[in-house]
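# Structural overview
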Amino acid sequence: MIGIMMGGVVLVENVFRYPGIGMTLRSAVVCRDYPLIQGILLVIAVSILICNLLVDKIYGKLDPRVAI
């Protein structure tokens, strides 16, 4: 769900003109600022991976039958 939410950030920030990572990503794509695009996508990917890791660890603590 975090990946879907991060994808929706770009849409919501552009529709409602909220300044944030989605607006920065859109302006970087329009200006073809490739290092900034790569940096933003790296931050999003790492945050999704960390959230998935935390969920797996918490689920393992809550249900000991699950082997991690």
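Residues numbered from 1 in each chain as written. Predicted model: local features only at pLDDT ≥ 70, side-chain atom pairs only at ≥ 80, totals over all residues. Heavy atoms only, no water.

## Quick notes on the overall build of the protein
For the protein, the helix and strand inventory stands at three helices and zero strands. For the protein, the succession of helices and strands along the chain, N to C, is α-α-α. By the compact-globule yardstick of 11 Å for 68 residues, the protein is too spread out, its C-alpha radius of gyration being 16 Å. Burial statistics for the protein: of 68 residues in total, 18% are counted as buried. Once local pairs closer than 6 in sequence are excluded, the contacts in the protein between residues at least 24 apart make up 13%. On the protein, roughly 5,500 Å² of surface is accessible, and the fraction owed to carbon and sulfur atoms is 72%. Put simply, the protein has 6 plus and 4 minus side-chain charges, and the middle of one group is 2 Å from the middle of the other. (Helix = DSSP H or I, 4+ residues; strand = E, 2+ residues; numbered from the N terminus. Rg over C-alpha atoms; globule rule 2.2 N^0.38 Å. Buried < 20%, exposed > 50% of the residue type's maximum accessible area, 1.4 Å probe, protein only. Contact = heavy atoms within 4.5 Å. Areas by Shrake-Rupley, 256 points an atom, 1.4 Å probe, with all protein chains shown as cover. Lys, Arg positive; Asp, Glu negative; His and termini not counted. Charge placed at Lys NZ, Arg CZ, Asp CG, Glu CD.)

## Digging into the side chain of glutamate 13
Relative to the assigned elements, glutamate 13 resides in helix 1 (residues 2–16). In this structure, glutamate 13 is buried with no salt-bridge partner, the nearest side chain bearing the opposite charge being arginine 17 at 9.5 Å. With near-sequence residues (within four places) excluded, glutamate 13 lies in contact with Tyr18, Pro19, Gly20, Ile21, Gly22 and Met23. (Salt bridge = Lys/Arg side-chain N within 4 Å of Asp/Glu carboxyl O.)

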